[in-house]
Amino acid sequence: MLCDRLGFGSSDPEAPVPLSEVSLPAPRLRPPETLAPICSTSAYERALHCYGRSYVDVVRAFRGRFDHPPDVVARPRDEDEVQATLEWALSAGAAVIPFGGGTSVVGGVEASGCEDYGGVVTIDLKALDRVLDVDRVSLSARIQAGATGPRLEEQLGEHGLTLRHFPQSFQFSTLGGWIATRAGGHFATLYTHIDDLVESVRALTPVGAWESRRLPGSGAGVSPDRMLIGSEGTLGVITEAWVRVRPHPVHRASAPVRFGEFAAGVEAVRALSQSGLYPANCRLIDAHEAELTGAGDGSHALVVLGFESADHDVERWMTTALEICGDNGGTWERRGSGDSEAVGSWREAFLRAPYLRDVFMAIGVLSETFETAITWERFPAFHEHVISGVSGVLREVCGGGSVTCRFTHVYPDGPAPYYTILAPARRGAEVEQWAELKRAASDAVIAGGGTITHHHAVGRAHRPWYDRQRPEPFAAALRGAKAAVDPRGLLNPGVLIDP
């Protein structure tokens with residue numbers, strides 16, 4: 001059925017190479033006896049922590065290719081054990097890779113390029129998963145960095161509170177990972193990134209603990225917590241953070257709005273983003289993606305619109321938002337507090353998408369996504385440039401396929417377009433196909449004036465284009481900060497900064 005909907009793919013799924021048939025390089029390190037209870041050099045742990053969850057990661061793991069596994073995987077149970085592991089790894093001259101849920105899609109947790117180090121130690125933080133303090137007066141909570149989305153929501157729920165940050169990787173990703181990668185979450189407007197929810201951060205560095213002061217805001221120079229947000233494990237190992245929480249929403253309204261043309265949907269969403277209404281959901285989906293996800297029949301673009309509040313009815317806001325959509329050619333049939341059939345279909349497809357990569361790999365479908373942000377006045381030309389450029393390379397490399405677009409987040413000054421590529425894969429050549437498409441997409445984004453990433457982070461996959469995007473004086477300042485806190489360049493080498 002999936003192949004029928006796509007128009008390509010094999011009905012004869014390929015089986016993955018079992019781990020029992022995989023030969024990993026021998027570990028170069030042996031942990032000291034004091035750390036032995038929390039460390040492992042087993043093939044399973046090393047393979048599990050070798051990659052993130054991008055399409056190319058799935059391909060390599062599926063084929064039994066684990067060229068650069070970590071030598072040791074440590075699972076500390078508290079901050080003291082994190083400190084002890086860090087000190088041992090640094091004394092051994094080993095590269096240190098912090099690891100949360102391992103959901104990176106940009107090569108943020110792999111050890112490629114670390115061959116000249118004394119080894120690689122991956123520090124898996126998921127055992128640090130507790131909500132330590134809740135401040136109901138200030139609506140804040142102190143949470144350990146290894147807490148996954150479900151784990152921290154379960155604990156906050158005992159207090160009637162929620163962080164209300166739901167990235168697509170919510171089930172497996174962690175608070176520390178969200179902070180380290182500047183993750184985007186549930187809200188399509190206003191509170192779009194984890195940045196907006198962080199009150200202070202604590203991290204361990206080779207030269208001491210880095211902890212920002214708990215404040216609602218500050219104008220005291222360069223922000224210490226903002227410098228850690230997005231640092232991707234290069235400046236320290238994040239162990240906990242104070243974050244802004246809120247009561248669970250009890251008032252909701254949602255509606256799917258159809259547009260005959262994608263451009264009309266763009267104008268409606270721009271008007272919504274500049275209206276001051278701040279909808280929780282305001283996602284524009286092009287006609288082809290709506291069709292692929294079962295949210296439409298391919299004849300119209302779709303805006304998934306939603307409002308929510310913990311303390312007031314939101315119908316007035318929804319009514320105004322629908323009037324704005326109507327002024328721009330939008331139509332709708334029904335609305336309510338729950339998902340409509342179209343919204344429910346899209347939502348299920350959205351949540352299921354990361355877990356289909358294994359299936360896509362097995363049936364010969366190349367699946368890749370890239371996301372960016374651009375200002376409104378440049379979006380039409382930018383979008384045309386990206387779609388035409390990637391589609392041309394798609395035909396050359398794969399012989400066909402599709403590129404679809406949706407807006408994941410919108411701002412008063414511009415959208416965050418998210419593009420999905422689905423194409424026929426050539427078995428055995430998927431990595432090469434992916435590399436050509438990744439290069440074409442990234443070149444198009446940077447040439448068009450967009451950012452190389454809106455919420456997927458830089459990692460190793462985006463590094464060449466990140467270097468082109470950032471100002472050189474800033475790059476020099478970042479290298480200086482790295483040299484100050486990690487003078488030997490052992491923390492996640494090759495991400496953001498060369499050692």
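About the thresholds
- Residues numbered from 1 in each chain as written.
- Predicted model: local features only at pLDDT ≥ 70, side-chain atom pairs only at ≥ 80, totals over all residues.
- Heavy atoms only, no water.
- Buried < 20%, exposed > 50% of the residue type's maximum accessible area, 1.4 Å probe, protein only.
- Helix = DSSP H or I, 4+ residues; strand = E, 2+ residues; numbered from the N terminus.
- Pairing = 2+ DSSP bridges.
- Contact = heavy atoms within 4.5 Å.
- Expected span 1.5 Å × (residues − 1).
- Arc of directions from axis to C-beta.
- Patch = residues over 30% accessible without salt bridge, like charges linked within 9 Å, V, L, I, M, F, W, Y side chains within 5 Å.
- Areas by Shrake-Rupley, 256 points an atom, 1.4 Å probe, with all protein chains shown as cover.
- Salt bridge = Lys/Arg side-chain N within 4 Å of Asp/Glu carboxyl O.
- Axes fitted to C-alpha atoms, helices over the stretch in contact; angles between N-to-C directions.
- Parallel < 35°, antiparallel > 145°, perpendicular 65-115°, else oblique.
- Left-handed = near helix turned anticlockwise from the far one by under 90°.
- Nonpolar A, V, L, I, M, F, W, Y, C, P; charged D, E, K, R; others polar.

Colleague: Just give me the short version of the pairing of strand β3 (residues 95-99), but keep the residues and values in it.
Modeller: With 5 of 5 residues buried, β3 is to be regarded as a mostly interior element. Of the two faces of β3, both are covered, the one formed by Ala 95, Ile 97 and Phe 99 as well as the one formed by Val 96 and Pro 98. Sheet topology places β3 next to strand β4 (residues 120-124); 5 bridges connect them, and they run parallel. From the neighbouring strand, Ile 97 faces β4, where its bridge partner is Thr 122.

Colleague: Explain the environment of Gly 459 residue by residue, including any values.
Modeller: Summarising the element assignment, Gly 459 is placed in the loop between α14 (430-447) and α15 (463-469). Along the sequence, Gly 459 and Gly 233 sit 226 residues apart, while their C-alpha atoms lie 9.8 Å from each other. Those residues within four positions of Gly 459 in sequence are excluded, and the remaining contacts are Val 106, Gly 107, Gly 108, Glu 232, Gly 494, Val 495 and Leu 496.

Colleague: Could you give an account of helix α8 (residues 262-273), with specific residues and numbers?
Modeller: Helical geometry: 3.6 residues make up each α-helical turn, so side chains three or four residues apart lie on a common side. For α8, which comprises 12 residues, the first-to-last C-alpha distance of 16 Å matches the rise-based estimate of 16 Å (1.5 Å per residue) to within 8%. Those residues of α8 not exposed but buried are Phe 262, Gly 265, Val 266, Ala 268, Val 269, Leu 272 and Ser 273. Angularly, the buried residues of α8 cover 165 degrees about the axis, an arc narrow enough to put them on a single face. At its buried positions, α8 is contacted by β12 (251-259), β13 (281-285), β14 (301-309), α10 (315-327), α13 (379-398) and β16 (402-411).

Colleague: Lay out a nonpolar patch on the surface in plain terms, naming residues and giving numbers.
Modeller: A cluster of nonpolar side chains, Leu 190, Tyr 191 and Tyr 278, forms an exposed patch at the surface whose accessible area comes to about 290 Å². Looking at where Tyr 191 falls in the secondary structure, it is placed in the loop between α6 (175-181) and β8 (198-205). With a relative accessible area of 33%, Tyr 191 lands in the partly exposed category.

Colleague: Give me the side chain of Glu 240: which residues, what numbers.
Modeller: Summarising the element assignment, Glu 240 is placed in strand β10 (residues 237-244). By relative accessible area, Glu 240 is classed as buried at 12%. Apart from residues lying up to four places away in sequence, Glu 240 is in contact with Leu 132, Arg 142, Ile 143, Gln 144, Ala 145, Val 201 and Arg 202.

Colleague: Tell me about the packing of helix α3 (residues 55-62) against α14, and name the residues and values.
Modeller: Orientation of α3 relative to α14, taken along the N-to-C sense of each, is 170 degrees, at an axis distance of 10 Å. Regarding the angle of α3 to α14, the classification is roughly antiparallel. For the element pair α3 and α14, the recorded crossing hand is left-handed. When α3 is examined against α14, the residues Tyr 55, Val 56, Val 59 and Arg 60 are found in contact with a partner set consisting of Glu 430, Val 431 and Trp 434. Among the residues forming the contact of α3 with α14, the class breakdown is 5 nonpolar, no polar and 2 charged.

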